[in-house]
Amino acid sequence: MPNLLATTRYRRPGRHLVLNGHIDVFPVGDAARWTRDPLSGDLAGGRVHGRGTVDMKCGTTASIFAYAYLSPLADALGGRLTLTLVSDEETGGRWGSGYLVERHRDDVLGDCVLNGEPSSLDTVRFGEKAILWMTFSVRTPSCHSAYPHVSPSANKIAAALVRDLESLEALVPAVPEAVRRTLGRPEVGAAIERGLGAGAAGVLQKVTVNVGVMRGGVKVNMLPAECEIEADARLPVGVDREEVRRAVDAIVARYPGVTWREGTSHAVNATWSDPDHEMVGLIQDNVEARLGFRPPPIVSLGGTDCRFWRAAGVPAYVYGCSPAGMGAPDESVAVDEFLHVVRTHALSAFDYLSR
Ligand SMILES: [Zn+2]
């Protein structure tokens, strides 16, 4: 899993900007469901087609081109520009950005990070929800299904437990004032739903719980002895994962025979950077000059590698193409959108380093 690191130091002193993108992509899945070769990179109908075009070849390419475009402009720039391209993002980032931030701090921490993960052209991302994966195991003695008085059913206990886990969604976040003010702006709700679909604004500031896997029982006329549940909770800014752990402990305590453990997800809370940071303004200026509107700063529903930098105290921002079609068959990105993202990254990086 190679990570590529490139740095240019300019003669004038100044700030250190880090460009970050990931190279790895989701698996193709069932190639029969694609209308083109999933790895073709075909250019057709004004779009680039193939797995990873949205997540995140568009954004990673924008980082590469921003880095290359600034190279001949060195005389106008100060400080330092670093390009970080990583191979492990989709499976947790431990060997990608997590590795660089942990082992190569002097090379990659910098003063600000710009990332091109799919975000929609309508918004800039200044933060993101945290991920908490949980595995629950239900164990009962089990027996013949005609003797339900002898053993409880692991599946029925699991069903009740799943119901109960929904109560986590009622946890009330203690949202920091700067985040509350930013997300409370009148134009934000509409921008979120334009970019992410109807209903997106409603889940941005609440805990959500997805029960992604339930496995229980081996035969229809046996009381199931075991059921395993895997759940994926997304925690908004202002919810501490320790608080969620305690709430889960309290739920599990009500069910004899149930144990749980935390999965190998990212052990941090939701992260956020200053929504009024200079970089947000630069991105907004460059988008407005081209498209005529200012994308408001919002928090991402999904995760990005920016969390590693934010957790290390470095402000990090995301601006990328529409997330539509990401990870699905026939993934593709509009060429116009792609070029707009490249332009926005190159100009914003130039503006940041030339001041
Ligand atoms: Zn991605």
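Thresholds, definitions, all that
Residues numbered from 1 in each chain as written. Predicted model: local features only at pLDDT ≥ 70, side-chain atom pairs only at ≥ 80, totals over all residues. Heavy atoms only, no water. Donors = N, O, S within 2.8 Å, 3.2 Å for Na, K, Ca; no water. Tetrahedral: all angles 85-135°; square planar, octahedral: opposite > 155°, others 65-115°. Helix = DSSP H or I, 4+ residues; strand = E, 2+ residues; numbered from the N terminus. Buried < 20%, exposed > 50% of the residue type's maximum accessible area, 1.4 Å probe, protein only. Pairing = 2+ DSSP bridges. Axes fitted to C-alpha atoms, helices over the stretch in contact; angles between N-to-C directions. Contact = heavy atoms within 4.5 Å. Lys, Arg positive; Asp, Glu negative; His and termini not counted. Salt bridge = Lys/Arg side-chain N within 4 Å of Asp/Glu carboxyl O. Parallel < 35°, antiparallel > 145°, perpendicular 65-115°, else oblique. Left-handed = near helix turned anticlockwise from the far one by under 90°.

Colleague: Outline the coordination of the zinc ion, listing residues and values.
Modeller: Bound to the zinc ion are the protein donor atoms His22 (NE2), Asp55 (OD), Glu117 (OE) and Glu117 (OE), situated 1.9 to 2.5 Å from the metal. For the zinc ion, the 4 donor atoms are set out with angles of 56 to 147 degrees between them, so the coordination reads as irregular. Read from N- to C-terminus, the donor residues coordinating the zinc ion fall into the pattern H-x32-D-x61-E. With histidine 22 in strand E2 (residues 12-22) and glutamate 117 in the loop between strand E6 (112-115) and strand E7 (124-128), the pair connects residues that are 95 residues apart, well separated along the chain. Neither histidine 22 nor glutamate 117 differs from the other in exposure class; each is buried.

Colleague: Help me get a handle on unusual backbone geometry, residues and values and all.
Modeller: Residue methionine 56 is bonded to the preceding aspartate 55 through a cis peptide linkage, with omega at -10 degrees. Turning to its location among the elements, methionine 56 is positioned in helix H1 (residues 53-70). If you check the backbone angles, serine 142 has positive phi at about 70 degrees while not being a glycine. Backbone geometry at aspartate 330 places phi at a positive 60 degrees, although glycine is not the residue there. Here aspartate 330 is to be found in the loop between strand E14 (316-318) and strand E15 (332-334).

Colleague: Give a description of the sheet that holds strand E11 (residues 258-262) that names residues and reports values.
Modeller: Strand order in the open sheet made by the 4 strands is E9-E10-E8-E11, with antiparallel pairing throughout. Of all the strands in the sheet, just strand E9 (208-216) and E11 have a single pairing partner and so form its edges. If you compare each strand with its neighbour and ignore which way they point, the axes differ by 20 degrees on average. In this structure, strand E8 (residues 130-139) lies alongside E11, joined through 5 bridges in antiparallel fashion. For threonine 135, the partnering residue across the bridge sits in E11 and is arginine 261. Sitting on the sheet, helix H4 (residues 154-165) is in contact with E8, E9, strand E10 (226-235) and E11, with an inclination near 10 degrees to E10.

Colleague: With reference to specific residues and values, describe the side chain of aspartate 351.
Modeller: Residue placement: aspartate 351 occurs in helix H11 (residues 335-354). Buried and without a salt bridge, aspartate 351 has arginine 355 as its closest oppositely charged side chain, separated by 5.5 Å. If near-sequence neighbours (up to four positions away) are discounted, aspartate 351 is found in contact with Leu282 and Asn286.

Colleague: Let's hear about the sheet that holds strand E3 (residues 43-44): which residues, and what values?
Modeller: Spatially, the 3 strands line up as an open sheet ordered E3-E4-E15, and their pairing is antiparallel. For this open sheet the edge positions go to E3 and E15, each flanked by a neighbour on one side alone. Sheet topology places strand E4 (residues 47-49) next to E15; 3 bridges connect them, and they run antiparallel. Of the residues in E15, the one forming a bridge with valine 48 is valine 333. Taken strand by strand, H1 contacts E4 and E15, and its axis lies near 45 degrees from that of E15. In the packing of H11 onto the sheet, contacts are made with E3, E4 and E15, and the angle to E15 comes to roughly 70 degrees.

Colleague: How would you summarise the packing of H1 against H11 if you had to cite specific residues and measurements?
Modeller: H11 packs onto H1 with a crossing angle of 45 degrees between their chain directions and a minimal axis gap of 8 Å. With respect to H11, the axis of H1 lies oblique. Our pair here, H1 against H11, has a crossing hand that is right-handed. Contact residues: H1 offers Cys58, Thr61, Ala62, Phe65, Ala66, Tyr69 and Leu70, while H11 offers Phe338, Val341, Val342, His345, Ala346, Ala349, Phe350 and Leu353.

Remember that the coordinates give geometry; whether it matters functionally is a separate question.
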